[in-house]
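A closer look at the structure
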Amino acid sequence: MAEETKGLNKNATRMLTGFIMGTIVMTCIIYGKFAMLAMVLTIVFLATKEYVKILEHKGFYPSIKVMMLSELLLAWVASVQRFDLVALVLSFCAIGSFMWVLFCGRQPYIANVATTLLGIVYCGWFPLHLIFLRNLHCERFDSGLGFVVLMFTAILLTDIGCYYVGTKFGKHKLAPVISPNKTIEGSAGGTFFAIVGAVIVGYFFQLEWYLAVLAGLLCTVFAQIGDLSESLIKRDAGVKDSGHSLPGHGGFLDRTDSFIFTIPMMYYFCYYFIFSNNLLTDIIHFFRGLF
């Protein structure tokens, strides 16, 4: 009886935390601009701190100062929509990582440079694509808000579908070494629910069903890859959770791992195939040229 009560309390805490966090995030996304920038930066900085602690447990010492400064610069690039400055900023970030190890670093030098650069991209650059996605616009769509909602819905339904279908029907392990609780059946269930959810959300802002299916498939695939990738980092470092900031969820990386790869992939899909068809046109011309 005591164990059942404890389990119920844990689930209630998890649901309450998820509801509060989800409400804050969606409110900031709807308002956009400064509210969204502040929200994304807050999550990025907290996730960065957790990432550094995980790597320190492994015996690596990435520079949190270099990472946060780099993330601030990348956030500025994202907020002013200056994609042309990305290469410049990332180049300075890479040089800064080497300079930190050269003048202030400690052993293992190569691993510390590598994990600093990985952290800048993984914790900073990838999530900051949410700002680019939200600010997309064209004649047909005033903003990328509908696509952000579609992405969040697909990821949420992926988590729900994977858990419930995996619990009921899961028999075959998806990645037994990295995440032994995940199953192929659960993954298929999460994929199905995500695509259905994407089609339903897409219907409300008049997105063609086949584009909604592709968007839903893209979201669920990279959400699951992102989840497994964070599990890989934690397992290699020998930690269970990235932190304890979110009651019932662990840390911010534990809660946002499904979004880290999905956000940039969703942005590039929307930018090149929905808001602009330049890439698709170039691909068609390329294949026509072959024949």
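All of these numbers come straight from a predicted model, not from anything done at the bench.

Some thoughts on the overall build of the protein chain
Helix and strand content of the protein chain: 11 helices and two strands. Along the protein chain, helices (α) and strands (β) appear in the sequence α-α-α-α-α-α-β-β-α-α-α-α-α when read from the amino end. Within the protein chain, the proportion of its 291 residues that are buried is 44%. Of the contacts made within the protein chain by residues no fewer than 6 positions apart, 68% connect residues no fewer than 24 positions apart. Carbon together with sulfur atoms contributes 69% to the accessible area of the protein chain, which is approximately 16,200 Å² in total.

A few points about the nonpolar core
By size, the foremost hydrophobic cluster in this structure holds 71 residues, and its most contacted members are L130 and F147. Ranked by residue count, the leading element in this core is helix α2 (residues 33-58), at 12 residues. Here F147 is in contact with L133, F141, F205, L207, M266, C270, I274 and F275, once residues within four sequence places are set aside.

Overview of the pairing of strand β2 (residues 179-183)
In the sheet, strand β1 (residues 173-175) pairs with β2 via two bridges, with the strands oriented antiparallel. Directly across from A175, in β2, lies its bridge partner S179.

Some remarks on the pattern of salt bridges
Applying the stated criterion across every chain, the model contains seven salt bridges. Between D159 and R255 there is a salt bridge, with the nearest N and O atoms lying 3.1 Å from each other. Here D159, found in helix α6 (residues 145-169), pairs with R255, found in helix α9 (residues 252-260); they are 96 residues apart in sequence, far enough to count as distant. Under the relative-accessibility criterion, D159 is labelled partly exposed at 26%. Connected through shared salt-bridge partners, E230, K234 and D254 make up one network.

Considerations on unusual backbone geometry
Each neighbour pair has its own omega, and for Q107 with P108 the value is -5°, a cis peptide bond. Along the chain, the position of P108 falls in the loop between α4 (86-104) and α5 (109-134). The phi torsion at Q206 lies on the positive side, around 60°, for a residue other than glycine. Position of Q206 relative to the elements: it lies in the loop between α7 (184-204) and α8 (209-237). Judged by relative accessible area, which is 63%, Q206 ranks as exposed.

Some remarks on the packing of α7 against α8
Their axes nearest at 8 Å, the elements α7 and α8 cross at an angle of 140°. The handedness of the crossing between α7 and α8 is right-handed. Here S187, G190, T191, A194, I195, A198 and V199 of α7 come into contact with α8, specifically with W209, A212, V213, G216, L217, T220 and Q224. Considered class by class, the residues forming the contact of α7 with α8 number eight nonpolar, six polar and no charged.

Quick notes on α9
The element α9 is extensively covered by neighbouring structure, given that eight of its nine residues are classed as buried. Buried within α9 are the following residues: F252, L253, D254, T256, D257, S258, F259 and I260.

Here's the deal with α6
Because the α-helix completes a turn every 3.6 residues, residues three or four places apart line up on one side. For α6, built from 25 residues, the straight-helix expectation of 36 Å at 1.5 Å per residue is met to within 8% by its first-to-last C-alpha distance of 35 Å. G146, F147, V148, L150, M151, F152, A154, I155, T158, G161, V165 and G166 are the residues of α6 that are buried.

A look at the packing of aromatic side chains
In total, this model carries 22 aromatic pairs according to the counting rule given. Here W125 and F132 contribute two aromatic rings whose centre-to-centre distance is 5.9 Å and whose plane-to-plane angle is 75°, an arrangement assigned as edge-to-face. Between Y163 and Y164, the aromatic rings sit 5.0 Å apart at their centres with planes inclined by 85°, giving edge-to-face as the arrangement. Looking at Y164, the relative accessible area reads 52%, which means it is exposed. An aromatic cluster of three or more residues is present, and its members are F83, W125, F132, Y267, Y268, Y271 and Y272. Positioned above the aromatic ring of Y61, the side-chain terminus of R106 is 3.8 Å from the ring centre.

Remarks on a nonpolar patch on the surface
A contiguous nonpolar patch, built from L88, F92, I95, M99, L102 and F103 and spanning about 680 Å² of accessible area, is present on the exposed surface. By the element assignment, M99 lies in helix α4.

Conventions used here
- Residues numbered from 1 in each chain as written.
- Predicted model: local features only at pLDDT ≥ 70, side-chain atom pairs only at ≥ 80, totals over all residues.
- Heavy atoms only, no water.
- Helix = DSSP H or I, 4+ residues; strand = E, 2+ residues; numbered from the N terminus.
- Buried < 20%, exposed > 50% of the residue type's maximum accessible area, 1.4 Å probe, protein only.
- Contact = heavy atoms within 4.5 Å.
- Areas by Shrake-Rupley, 256 points an atom, 1.4 Å probe, with all protein chains shown as cover.
- Core = buried A, V, L, I, M, F, W, Y, C linked by side-chain atoms within 4.5 Å.
- Pairing = 2+ DSSP bridges.
- Salt bridge = Lys/Arg side-chain N within 4 Å of Asp/Glu carboxyl O.
- Axes fitted to C-alpha atoms, helices over the stretch in contact; angles between N-to-C directions.
- Left-handed = near helix turned anticlockwise from the far one by under 90°.
- Nonpolar A, V, L, I, M, F, W, Y, C, P; charged D, E, K, R; others polar.
- Expected span 1.5 Å × (residues − 1).
- Phe/Tyr/Trp six-rings, centres within 6.5 Å; stacked < 30°, edge-to-face > 60°.
- Lys NZ or Arg CZ within 6 Å of the ring centre and 35° of its normal.
- Patch = residues over 30% accessible without salt bridge, like charges linked within 9 Å, V, L, I, M, F, W, Y side chains within 5 Å.

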